[in-house]
Every structure is written in structure tokens, then in C-alpha cells.
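Now for the letters of each chain:
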Amino acid sequence: MRFDIITIFPEYFTPLSASLLGKARDRGLLSFGVHDLRDWAYDRHRTVDDTPYGGGPGMVMKPEPWGQALDDVLTPRSRLVVPTPSGRPFTQRVAGELAASDHLVFACGRYEGIDSRVMAHYSSVVEVDELSIGDYVLAGGEVAVLVMIEAVSRLVPGVLGNAESVSDDSFAPGRMEHLVEGPVYTKPPQWRGLAVPDVLKSGHHGRIARWRRDEALRRTAARRPELLERVELDSHDRRLLES
Ligand code: ADE
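As the structure is a prediction and not an experimental result, all values here were calculated from the model.

(A) Broad picture of the packing of aromatic side chains. Using the criterion set out here, one finds three aromatic pairs in the structure. Summarising the aromatic geometry, the rings of Phe3 and Phe32 are spaced 5.3 Å apart at their centres and angled 15° between planes, so their arrangement reads as stacked. Of this pair, Phe3 sits in strand β1 (residues 2-7) while Phe32 is found in strand β2 (residues 31-36), placing the two residues 29 residues apart along the sequence. In this structure Phe3 comes out as buried when scored by relative accessible area, which is 0%. Clustering of aromatic rings is evident, with ring pairs tying together Phe3, Phe32 and Phe106.

Here it is as C-alpha cells:
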């Protein structure tokens, strides 16, 4: 899978060569291109922003450098992702959809955002997703793009080792959809007076799976009650949550 990122801060993307993503790149599963938007600016000062029509604070990114850059980087099979706090929510499900693509192009906005005509124009050329990673405002899209690339990459077949499975993750479509994961433990069995729950040491796979789902339900009810409304609860689940 190929990722191309267009930004005025290419240095934000050095973490792509670290850890899981770096290894997947070395193994040829992922490849990354990081491009400086200013390479497509056309004036002596390599200007990429201007004042907003209608007035107001801040600056808006000019359409012409974006048009030149995207014409060069997009192919007919690419999907264009634009991170913005006004986008639809980036969820595990969206990460899975993006992982099915073989070329993602990320357009990182700064300041007050990118002139809207850029997204309007490319919507008739490729699939365009304006996505938000949460209800807070970052200084620009770069960190949001790192978040999305990491979440998408680990869903690309072969990127995670056999030992890790994405199907038990919080929010994973299927058994864990709309649930957060419960607590996890490792050795030693006792630490500072706190014990590992006996069921996890029982070797009984059925009971362990039941316990894990129960704990996921309890934790989701406590921390993310708004998610629970979307979970299909059976009579066991209902009794558990009432107790
Ligand atoms: N750019 C600024 N804030 C953002 C957010 N919350 N999600 C995606 N892109 C952003």
C-alpha cells in the first residue's frame, strides 16, 4: 500500500520510519512519499496562504499550489484524505475502509484550512474523505495524518505479526464493535497486593472469552455509555449491566 503526504512541514513525518511502520516499509508492505507543498508554489516567496474572503482571523491555503500538487500526485485509483476538525469522524470502521485502498493521498491543511474549491474540484476526480480524529482543534492536519496512517497500516495484511490479532481490538467490527477492551494482565500473579483474576489463569478458553466480553461491556458502560446504545445486548448482557 502506498501513502503520499503533502504538507508544509515534511519533518513531522520522520516517525514513519520508526517501529511497526518502519519495519513494514522495510519489508515492502508499505511505502511512503512525503512532499513539500511549497515545491508547487509559483512565486519567489513560495506563498501557500492568503487572507479569507468575507474577513475574519487567520489565513486560508490557496487553491493553486494544491491543484498543482494534487494533479502530480493523484492517480485515477487514489483516494484523497483531507484531515479537518469539520470532517466526519475517523473510526476503526473508516480505518478498515481506507486499508482496502492501494493508494492514499493526504492533504495536510494549516491555518484556517484549504480553500474549499480544492475539495469540490477533486470530488469529481477521485473519492475524497474529509475526516476528523476527534472533537478538538490541532494546529494542522499533520498529527491527525500520523494517527490515521498508523491505524490504517496495522490493518494491512502482513503488517502485524501472527501473534497480534486485530479482531479483539476495541471497536473492531464484529464481536467488539462499539465496545472498548477490558483490562489486561501479565506476570507476576500478585503485585502490591493486587491479584490477577483467577479466570485468566484457568486455561478455560470459553470462560475467558465470556469474562473478556463482560469486562468490555462493563468498561464501555462506565466510560463510554453513548457507545453502549449501539451494542446488541442479549439477556446475559442486560443482567450483567444491571448488577
Ligand atoms: N486538523 C485540526 N484539527 C483536526 C482534527 N481534530 N482532526 C483532523 N484534522 C485536524
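(B) How the structure looks around the pattern of salt bridges. Applying the stated criterion to the full structure yields 17 salt bridges. Two residues, Lys62 and Glu64, come together in a salt bridge whose shortest N-O distance is 3.8 Å. For Lys62, a relative accessible area of 15% translates into the label buried. Given a relative accessible area of 37%, Glu64 falls into the partly exposed group. Residue Glu177 pairs with Arg93 through a salt bridge whose shortest N-O separation is 2.9 Å. Note that Glu177 is positioned in the loop between α5 (142-153) and β8 (190-191) and Arg93 in helix α3 (residues 92-99), a separation of 84 residues in sequence. A relative accessible area of 18% means that Glu177 is categorised as buried. Since its relative accessible area comes to 46%, Arg93 is described here as partly exposed.

(C) Just the site of the ligand, in detail. Close contacts around the ligand come from Pro83, Thr84, Pro85, Leu131, Ser132, Ile133, Gly134, Tyr136, Val137, Leu138, Gly140 and Ala144, and that covers them all. Tyr136 is positioned with one of its backbone polar atoms (N or O) 2.8 Å from a nitrogen atom of the ligand. At the level of elements, β5 (79-89) and β7 (127-132) are the ones that each hand at least two residues to the shell around the ligand. Looking at the shell around the ligand element by element, the count peaks at three residues for β5. Of the residues in the shell around the ligand, the class split is eight nonpolar, four polar and no charged.

Rules used in this analysis
- Residues numbered from 1 in each chain as written.
- Predicted model: local features only at pLDDT ≥ 70, side-chain atom pairs only at ≥ 80, totals over all residues.
- Heavy atoms only, no water.
- Phe/Tyr/Trp six-rings, centres within 6.5 Å; stacked < 30°, edge-to-face > 60°.
- Helix = DSSP H or I, 4+ residues; strand = E, 2+ residues; numbered from the N terminus.
- Buried < 20%, exposed > 50% of the residue type's maximum accessible area, 1.4 Å probe, protein only.
- Salt bridge = Lys/Arg side-chain N within 4 Å of Asp/Glu carboxyl O.
- Near = heavy atom within 4 Å.
- Polar contact = N/O pair within 3.5 Å; in protein donor to acceptor, adjacent residues only side chain to side chain.
- Nonpolar A, V, L, I, M, F, W, Y, C, P; charged D, E, K, R; others polar.

All we've got here are geometric facts, nothing functional implied.
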